[in-house]
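Analysis of the macromolecular model
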Amino acid sequence: LIIFLPALIFVLTARLIRPIFLIRFEELISNRIGHLAGNIEIYLCELDAGINIPETRFFDIWYHSCAPCNYQLARMWKRVLHIGPAILFELVGNINDVIPGGELHRIDWSIVGRDRDVHNLLDKFPPHISFLPNEERRGKMGLRSLGIPDDAPFVCLTVRDSAYLNDQSPHLDWSRHNFRNCDIQNYILVSRKLAERGYYVIRIGAVVKEAMDVDHPMIIDYATNGMRSDFMDIYLGAKCAFCISTSLGIDGIANIFRRPLVFVGCVPLEIIFTSRLDYISTFKKYWKRDEDRFMTFQEIFESGAGKFTVQSEFEALGIDLVESTPEEIADVELEMDERLRGVWKSTQEHE
C-alpha cells in the first residue's frame, strides 16, 4: 500500500508523456547467469546497431526479477543500465499490464528472453561492461591465489551436470534436461594435453556434482576447491584464452567478453551456436536403439530429433545420446589452440 500510489503515479505519468517520450520497463532474468549475461549484452548490441528500438525517444528501466545469481555481474550491469528498485518496478509492471496499452511500455520479450545473437553482432561491437582498476588488481591477485603466474594463459572448463538446478530449485523435476549432462572425468585427457601446451585449466561452476579426479599443478578444480566467488567467476570468464563448455549458463560470461568458445556435446543439434567466428561446436551422437546404429544427419533432421529439448522426446523415438570420447574432446580443443595460434590447417577431409 505504501508504494502503490507512487507506482500508479509513475504508470499514469508514463502514459501521459508517451507521445513525445516513451518510458519502458522490464525485469532482468536474474536467476540464471546465462540469461543475466547474454540477454542484456544482445539487447545493448542491438541498441548500438539500431535494431529493435522504438521510433520515438525512449528511456529503459530494468529491475531484478529476484536476488541476482551473481552479484558481481549485477554490479557491472548497473554501471551501464538504468536499474530501479524491484519493490517499486515490479508493482509498476503489474499496474501497467492491467491497463490497456501497457505492452508499449514493456521491452519486447522476444529480445529480453533470448541470448542468441541472431544478427551476428557480438563480432561487430565491443563488450559493454569492463572491470574497474581496483577490480583488475583484485582479479590478478585472485589468479595468483589460484596458483596461476602473471600473464600465464589459462582455459576455463565448464561441464554441465544435474547439481546446479537441483540445488537452486529442488522442488522441480529437472530430469527432463538429463540428456544435456556430461561426465567431467572425460575432460581430464584434454586438460592434461592443454597443460602440456602451457595452459592452466580451470574448471568453473557454482555448484557441481563431483570433483575432477586428477592431480596436476596446472589443472585447477576451482569449482570444488573452496576458492570460488561471484567476482572470480566473472573475472575468469572474461580473461581466459578460451572457454570449453558443454553449453550452459556460465559460458555466457566468456561469450559477452568475446572470448573464443568451444562447445562440446551440444544437444539438440539444430540449435548449436554459430553466430561468432570464434566458435567451434561438436555435438553428442544420436544412437538409434532398435537398429543398433548411429543416425545420419538427414535422419536426425527429418525425424525432428534435431530440435528435441526434453528427455522424453528422445525416449519416445528410442534415441540414446552418446557423449564424445576423451580423445574426440581433446581433438577439438587442440584444434582451437592451433586456430588461435594461426597454425591450424584445414584439410579436404575437414571441409
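Just so it is clear, the model here is predicted, and its values are computed rather than measured.

What follows covers the overall build of the protein chain. A tally of regular secondary structure across the protein chain gives 13 helices and 11 strands. Computed over C-alpha atoms, the radius of gyration of the protein chain comes to 22 Å, within 12% of the 20 Å expected from 2.2 N^0.38 for 351 residues, which places it in the range of a compact globule. Seen along its three principal axes, the alpha-carbon backbone of the protein chain occupies a region of about 65 × 55 × 45 Å. Counting all 351 residues of the protein chain, 47% fall into the buried class. Restricting the contact set of the protein chain to residue pairs at least 6 apart, pairs at least 24 apart contribute 71%. Summed over all atoms, the accessible surface of the protein chain reaches about 17300 Å², with 55% contributed by carbon and sulfur. The distance from the centre of the 38 positive side-chain charges to the centre of the 50 negative ones in the protein chain is 6 Å.

The next point concerns helix H13 (residues 326-341). Taking 1.5 Å as the rise per residue, H13 with 16 residues should run 22 Å; its terminal C-alpha atoms sit 23 Å apart, in good agreement. Restricting attention to buried positions, one finds in H13 the residues Ile329, Ala330, Val332, Glu333, Leu334, Glu335, Met336 and Asp337. Along its buried surface, H13 packs onto helix H8 (188-196), strand E6 (242-245), strand E7 (261-266) and strand E8 (279-283). Within two residues after H13, Gly342 carries a phi angle of roughly 75°, on the positive side.

So, about the pattern of salt bridges. Throughout the structure, instances matching the rule amount to 22 salt bridges. Here Arg258 ties to Glu41 by a salt bridge, and the two come within 2.9 Å at their closest N and O atoms. Residue Arg258 is found in the loop between helix H10 (251-256) and E7, and its partner Glu41 is found in helix H2 (residues 33-49); the two are separated by 217 residues along the sequence. The residues Arg258 and Glu41 share a single accessibility class, namely buried.

Turning our eyes to something else, we now look at the sheet that holds E8. Adjacent strands of a sheet form backbone hydrogen bonds with each other and so pair up, either parallel or antiparallel. Taken in spatial order, the six strands line up as E5-E4-E3-E6-E7-E8 in an open sheet, and their pairing is parallel. Looking along the sheet, the strands with just one partner apiece sit at the ends: strand E5 (219-220) and E8. In the sheet, E7 pairs with E8 via four bridges, with the strands oriented parallel. Looking at E8, one finds that Leu261 is bridged to Tyr279. Contacting E6, E7 and E8, H13 runs over the sheet at an angle of about 160° to E7.

Moving on: the sheet that holds strand E10 (residues 293-294). The strand order E10-E9-E11 describes an open sheet built from three strands, whose pairing is antiparallel. The sheet is open, and its two edges are formed by E10 and strand E11 (319-322), each paired on a single side.

On to the pairing of strand E1 (residues 22-28), then. Counting buried residues along E1, six of its seven residues qualify, which places the element largely inside the surrounding structure. Examined bridge by bridge, E1 and strand E2 (residues 58-64) share seven bridges and lie parallel to one another. Following the sheet pairing, Leu28 is matched in E2 by His64. With respect to chirality, the unit in which E1 leads through H2 into the neighbouring parallel E2 is right-handed.

Bringing the nonpolar core into the picture now. Counting residues in each nonpolar core, the largest one holds 51 residues, and the members touching the most others are Leu73, Trp77, Leu81, Ile148, Phe154, Leu236 and Phe257. At the level of elements, H2, helix H3 (71-77), strand E3 (154-158), strand E4 (200-203), helix H9 (230-239), H10 and E7 are the ones that each hand at least two residues to this core. If one sorts the elements of this core by residue count, H2 sits on top with eight residues. Excluding its chain neighbours within four sequence positions, the residues that come into contact with Trp77 are Leu36, Ala37, Ile40, Glu41, Leu44, Ile83, His128, Ile129 and Ile256. Val155, Ile188, Ile280 and Val332 belong to the second largest nonpolar core, which has 23 residues in total.

What follows concerns the pairing of E3. The two faces of the sheet receive side chains in turn, since in a regular strand these alternate between them. For E3, a buried count of five out of five residues is recorded, marking the element as mostly surrounded by other parts of the structure. Because side chains alternate across E3, one face comprises the buried residues Phe154, Cys156 and Thr158, and the other comprises Val155 and Leu157, equally buried. Bridge count between E3 and E4: four bridges; the pairing is parallel. Counterpart to Cys156 in the pairing with E4 is Ile202. Where E3 and E6 come together, four bridges link them in parallel fashion. Across the sheet, the residue bridging to Val155 is Phe242, located in E6.

So, how was this worked out
Residues numbered from 1 in each chain as written. Predicted model: local features only at pLDDT ≥ 70, side-chain atom pairs only at ≥ 80, totals over all residues. Heavy atoms only, no water. Helix = DSSP H or I, 4+ residues; strand = E, 2+ residues; numbered from the N terminus. Rg over C-alpha atoms; globule rule 2.2 N^0.38 Å. Buried < 20%, exposed > 50% of the residue type's maximum accessible area, 1.4 Å probe, protein only. Contact = heavy atoms within 4.5 Å. Areas by Shrake-Rupley, 256 points an atom, 1.4 Å probe, with all protein chains shown as cover. Lys, Arg positive; Asp, Glu negative; His and termini not counted. Charge placed at Lys NZ, Arg CZ, Asp CG, Glu CD. Expected span 1.5 Å × (residues − 1). Salt bridge = Lys/Arg side-chain N within 4 Å of Asp/Glu carboxyl O. Pairing = 2+ DSSP bridges. Axes fitted to C-alpha atoms, helices over the stretch in contact; angles between N-to-C directions. Right-handed = clockwise from strand over helix to strand, strands pointing away. Core = buried A, V, L, I, M, F, W, Y, C linked by side-chain atoms within 4.5 Å.

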